[in-house]
Amino acid sequence: MLKSLLPPKSDFVFKRIFGDVRNTDILTDFLQSVLELPAEDYEEVSVVDPHLNKDSGEDKYGILDVKVRTKTGKIIDVEIQRRDFPNIEERILFYTSKMLLGQIGSGDDYRKIKQVISILITNYELYKDERYHHRFKLRDDETGILFTRLLEVNTLELPKLPALPSDDDRTKLYEWLRFIKVENREELEMIATANPKIKKAKGVLLKMSADEQARLLYESYEMRELDEMTRTNHAYSKGIAEGIVNTAVNMLEANFPFEMIVQATKLSVEEVESVRLQWIIS
């Protein structure tokens with residue numbers, strides 16, 4: 001019996017397809033579909049820190065990114081997020097800026113700095129428009145004059161990908177995003193006919209999906225990520241609950257009537273009474 005496909009939009013699976021040094025041709029083809037770089041850059045694409053791709057399942061949550069260096073020294077960071085990540089724009093800007101800062105030391109020539117590019121793929125919508133690919137650069141709002149080419153951020157929003165492509169969507173990028181979004185074997189077979197590199201990526205995904213150890217690692221990663229989310233949500237809920245209780249205590253100390261405390265905190269009369277008793281005891 002055929003096993004279900006592992007999802008390429010999982011950061012765990014994505015990195016093991018696009019971040020494997022054996023698949024730099026797949027990675028290069030994908031980068032060419034997203035970016036507007038000179039052909040020379042793609043003549044030599046190398047994965048930075050390839051040891052991070054080891055099958056240990058120990059990668060830190062949220063930073064299963066693929067970092068790349070081109071022939072001319074440009075640095076590209078690719079990451080995928082399935083779940084809405086708070087302050088993702090600030091985080092991407094921070095990481096992209098670190099890639100700039102990491103190139104030079106005190107007293108170095110600023111002319112040594114190479115362009116840094118971030119590619120963020122999300123399984124949720126970032127912006128309220130229909131475009132699934134945005135390219136951000138530092139430009140003047142009024143004149144459009146480019147301040148510098150050294151920093152660029154690309155966002156790719158999977159939910160905005162149309163099921164049927166328009167004439168404008170008949171691009172290599174559209175086909176790659178369909179592959180990343182794929183959920184079943186029938187769709188995968190159709191997508192793979194569009195591009196020889198996607199066909200190779202299909203083979204990598206099928207082999208990975210059939211490998212029992214790879215599936216166990218994927219499931220282990222997913223479970224640990226779910227546990228982390230549960231702990232985070234619990235801490236958040238606990239913080240809210242403690243804040244409400246503190247508000248109730250402050251209002252009790254200020255001799256506000258019960259009805260007003262109930263209205264302000266959304267606690268029941270019984271809950272406010274319980275808070276009052278604990279406050280008296282303490």
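Residues numbered from 1 in each chain as written. Predicted model: local features only at pLDDT ≥ 70, side-chain atom pairs only at ≥ 80, totals over all residues. Heavy atoms only, no water.

Q: Which parts of the structure should I look at to understand the packing of aromatic side chains?
A: Any aromatic ring pair is given by two values, namely how distant the centres are and how the planes are angled relative to each other. Under the definition given, this model contains 10 aromatic pairs. An angle of 65° between the planes, with centres 5.5 Å apart, marks the rings of Phe 18 and Trp 176 as edge-to-face. One end of the pair, Phe 18, is in helix α1 (residues 11-18); the other, Trp 176, is in helix α4 (residues 172-181), with 158 residues separating them in the sequence. The class of Phe 18 is buried, set by a relative accessible area of 1%. Measuring from centroid to centroid gives 6.5 Å for Phe 18 and Phe 179, while their planes differ by 70°, and the two rings are edge-to-face. (Phe/Tyr/Trp six-rings, centres within 6.5 Å; stacked < 30°, edge-to-face > 60°. Helix = DSSP H or I, 4+ residues; strand = E, 2+ residues; numbered from the N terminus. Buried < 20%, exposed > 50% of the residue type's maximum accessible area, 1.4 Å probe, protein only.)

Q: Whenever I open this one, the side chain of Gln 81 confuses me. Can you help?
A: The residue Gln 81 is located in strand β3 (residues 75-81) in this model. Judged by its relative accessible area of 7%, Gln 81 is buried.

Q: Sorry if this is basic, but what is going on with the nonpolar core here?
A: Side chains of nonpolar character tend, in soluble globular proteins, to be buried together. The biggest cluster of nonpolar side chains holds 47 residues, and the ones touching the most others in it are Phe 18, Phe 30, Leu 31, Ile 119, Ile 121, Phe 179 and Ile 180. When residues of this core are assigned to their parent elements, the largest contribution, six residues, is made by α4. Those residues in contact with Ile 180, other than ones at most four positions away along the chain, are Pro 8, Lys 9, Phe 14, Phe 18, Phe 30, Ile 80, Ile 121 and Leu 158. Counting residues in hydrophobic clusters, the runner-up holds 12 residues, among them Ile 75, Ile 92, Ile 113 and Leu 151. (Core = buried A, V, L, I, M, F, W, Y, C linked by side-chain atoms within 4.5 Å. Contact = heavy atoms within 4.5 Å.)

Q: How do you make sense of the confidence of the model for the protein chain when you look at a structure like this?
A: Residues shown with low pLDDT carry predicted positions that ought not to be read at fine detail. Taken residue by residue, the protein chain gives an average pLDDT of 83. The fraction at 70 or more is 85%. Mean pLDDT values over the elements of the protein chain span from 69, in helix α7 (residues 212-253), up to 96, in helix α2 (residues 24-34). Below pLDDT 50 for its whole length, residues 51-63 participates in 32 contacts with residues either more than four positions away or in separate chains. Below a pLDDT of 50 lies the segment residues 232-236, which in the model reaches zero contacts outside its immediate sequence neighbourhood of four places, other chains included. (pLDDT = per-residue confidence, 0-100.)

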